[in-house]
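Tertiary structure, described
Residue strings, one per chain:
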Amino acid sequence: SQLYRRKGRCPGQRERAEGPNFRNRARLPPRDFGLGRAMQRCSISQIMSCMTYSVCSLLMTLLNKSLASTHETIPLSVIMLVQNLVALGLIRLGSIVLPSATMTALKMELPPVEKKMLRKWIPVNLFFIAMLFSGFMTFTMVTVSLVAICKNVTNMFTSVGDYLLFGQPITRNIVFALILMVVAATLGASHELVTPEKGVNVSALVWLTINCVTTSGYSLQIKLSQKETGMTPYACSYYNALIATPIMLTWSLWTGDLYACLHNPDVQNPTLLLSLGASSFLGFCIGFSVFWCISATSPTTCSMVGAFTKVPLAVLGIIIFKEPVTQKRTGFIILGIVAGIIYTRTKVLERERQRAKLDDAHGFDVEKPGGQLKTELVKMRSSLECSEGESASDSGRNR
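Given the structure is predicted, the values throughout are model-derived calculations rather than measurements.

Take the overall build of the chain next. Scanning the chain for helices and strands turns up 18 helices and 0 strands. Expressed as a percentage of the 399 residues in the chain, the buried residues total 42%. Looking at the chain alone, contacts between residues at least 24 apart form 86% of all its contacts between residues at least 6 apart. Total accessible area on the chain is roughly 22000 Å²; 66% of this is exposed by carbon and sulfur atoms.

This is the structure in structure tokens:
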């Protein structure tokens, strides 16, 4: 203590000058920004939401492909009407069957229907309807492959909106992963971009642009509405089905699709009814997983998960549907996997650096219980050391 006093400082002065983070930082091991440690600190909700959305989207695509090859296509408005009715039925059934304690523990409580909540959630449904209608018009003019490429371009719009609205950073690796995904989609569909029946004209480009903007707006509006209302993904599914059901019913009646579907003899086919029920259940699961994924991560990540789903879909197409293995399809799979790895690694390490900055700002590890208590103990011990040093020096002077 006398040595400290001769140098003009006591043990606690440097800590008080630099803040409580000094001693705590000196005792902590150096930061490790490795991918393995960062992946261990990812929340289970983020991983599970992305996996659920990917699996549900994959199963829905396979089911729709099998339905299209065996039955006539049911009108889109009728499918959406049935899906929303099934979603409402499942949500109400869950609230009746499950105990209230279980609903609270799983965050499945249904909020009361209020006009304020409805007004804040209506823009999500409007974006969704605009996305469906523009997508339908686009499919009538261009090929499915060209639409898939434009969907990957939409991820760039979503990333820019994510940055402007929610402050999500756009790094060079993220931009590189987005561009790589577009290149992969172009490589995989280059042989069928334009057909003699469907070419690219001004009208097709207009509908493609509208579809890209509404698709990006739909993802961003979900995140914005979730922040404004504070609703859980389960409550978001309830409000979404509650608002979409009357809209889809009006649409199907206005177009006459519901009347034509009810008088279609194929509707009485048990296999078709079973497939439609399975499709409706998967539609509810996809809607819930989208809300969950956007709530746990970001709109850009959710869009990238949807784009990356095409990679295992291409592999399953080769295995199940015996599609030919070509160089372009192999290149699409490889580039898609590389883009997914780059994006995931960038996001995980970025989240770890943000957490490290937060830890340094507070002087303790925010994820470790007792971190605040440890900081307080370090401050108290430094104060005691400083006071003991002053007392010892005073007694030595008196002696």
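The discussion continues.
Relative to the helices and strands, Ser237 is located in helix H12 (residues 233-255). By relative accessible area, Ser237 is classed as buried at 5%. For Ser237, the contacting residues outside a window of four places in its chain are Ile91, Phe284, Gly287, Phe288 and Phe291.

The interhelical angle for the contact between helix H6 (residues 76-97) and H12, taken along N-to-C directions, is 145°, at an axis separation of 8 Å. Pair H6 / H12 crosses with left-handed handedness. A per-class count over the contact of H6 with H12 returns 15 nonpolar, 8 polar and 1 charged.

Let us look at the side chain of Thr300. With respect to the element layout, Thr300 can be found in helix H15 (residues 299-308). The class of Thr300 is buried, set by a relative accessible area of 3%. Once you skip the residues sitting within four places of it in the chain, Thr300 turns out to touch Thr158, Ser159, Asp162 and Tyr343.

Among the nonpolar cores identified, the biggest contains 41 residues, and Trp121, Phe128, Tyr218, Ile222, Met248 and Val290 are the most heavily contacted of them. The set of elements that each furnish at least two residues to this core consists of helix H5 (44-70), H6, helix H8 (115-139), helix H11 (202-229), H12, helix H14 (270-296) and H15. Tallying contributions element by element places H12 first for this core, with 9 residues. Sequence-distant contacts of Ile222, that is, excluding residues within four places in its chain, are made with Trp121, Val124, Val290, Phe291 and Ile294. Ala177, Leu180, Met304 and Ala339 belong to the second-largest nonpolar core, a separate cluster that totals 9 residues.

Axis separation between H6 and H14 bottoms out at 8 Å; the angle between their running directions is 65°. By the angle class used here, H6 and H14 are roughly perpendicular. The two elements H6 and H14 meet at a crossing, and its hand is right-handed. Seen from H6, the contacting residues are Ile79, Val82, Gln83, Val86, Ala87, Leu90 and Ile91; seen from H14, they are Leu276, Ser279, Ser280, Phe281, Gly283 and Phe284. Residues of the contact of H6 with H14, tallied by class, amount to 9 nonpolar, 4 polar and no charged.

What follows is about helix H16 (residues 310-319). Among the residues making up H16, those that are buried are Val311, Leu313, Ala314 and Gly317. Projected down its long axis, H16 carries its buried residues within an arc of 160°, all on one side.

Under the definition given, this model contains 5 aromatic pairs. With 5.4 Å between their ring centres and 40° between their planes, Phe128 and Tyr218 make a pair best called tilted. With Phe128 in helix H8 and Tyr218 in helix H11, this residue pair connects regions lying 90 residues apart in the sequence. On the basis of relative accessibility, which here comes to 15%, the residue Phe128 falls in the buried class. On the basis of relative accessible area, Tyr218 is assigned to the buried category, the value being 12%. For the ring pair Phe288 and Trp292, a centre distance of 6.0 Å and an interplane angle of 40° mean the geometry is tilted. With a gap of 4 residues between them, Phe288 and Trp292 both fall in helix H14, about one helical turn apart. By relative accessible area, which is 25% here, Phe288 ends up partly exposed.

With respect to the secondary-structure elements, Gly287 resides in helix H14. Residue Gly287 is classed as partly exposed on the basis of its relative accessible area of 24%. Taking C-alpha positions, Gly287 is 8.6 Å from Tyr53, a pair spaced 234 residues apart along the chain.

Bringing the confidence of the model for the chain into the picture now. Here the chain averages 75 in pLDDT, and 72% of its residues register 70 or above. pLDDT under 50 marks residues 3-9. Its contacts with residues more than four places away, or in other chains, come to 7 contacts.

The next subject is a nonpolar patch on the surface. A surface patch of nonpolar side chains, about 700 Å² in accessible area, is lined by Val160, Tyr163, Leu164, Leu165, Ile170, Val175, Ile179 and Val183. Those elements giving two or more residues to the nonpolar patch turn out to be helix H9 (144-166) and helix H10 (172-188). As for its placement among the helices and strands, Val160 is situated in helix H9. Given the relative accessible area of 43%, Val160 is considered partly exposed.

Let us look at the state of the cysteines. Considering all chains together, one arrives at 0 disulfides under this definition. This cysteine, Cys50, is not joined by any disulfide, and Cys293 carries the nearest cysteine sulfur, 3.8 Å off. Classification of Cys50 as buried rests on a relative accessible area of 17%.

Here the focus is the environment of Ile47. Relative to the elements of secondary structure, Ile47 occurs in helix H5. Owing to a relative accessible area of 35%, Ile47 belongs among the partly exposed residues under this scheme.

Parameters and conventions
- Residues numbered from 1 in each chain as written.
- Predicted model: local features only at pLDDT ≥ 70, side-chain atom pairs only at ≥ 80, totals over all residues.
- Heavy atoms only, no water.
- Helix = DSSP H or I, 4+ residues; strand = E, 2+ residues; numbered from the N terminus.
- Buried < 20%, exposed > 50% of the residue type's maximum accessible area, 1.4 Å probe, protein only.
- Contact = heavy atoms within 4.5 Å.
- Areas by Shrake-Rupley, 256 points an atom, 1.4 Å probe, with all protein chains shown as cover.
- Axes fitted to C-alpha atoms, helices over the stretch in contact; angles between N-to-C directions.
- Left-handed = near helix turned anticlockwise from the far one by under 90°.
- Nonpolar A, V, L, I, M, F, W, Y, C, P; charged D, E, K, R; others polar.
- Core = buried A, V, L, I, M, F, W, Y, C linked by side-chain atoms within 4.5 Å.
- Parallel < 35°, antiparallel > 145°, perpendicular 65-115°, else oblique.
- Arc of directions from axis to C-beta.
- Phe/Tyr/Trp six-rings, centres within 6.5 Å; stacked < 30°, edge-to-face > 60°.
- pLDDT = per-residue confidence, 0-100.
- Patch = residues over 30% accessible without salt bridge, like charges linked within 9 Å, V, L, I, M, F, W, Y side chains within 5 Å.
- Salt bridge = Lys/Arg side-chain N within 4 Å of Asp/Glu carboxyl O.
- Disulfide = S-S within 2.5 Å.

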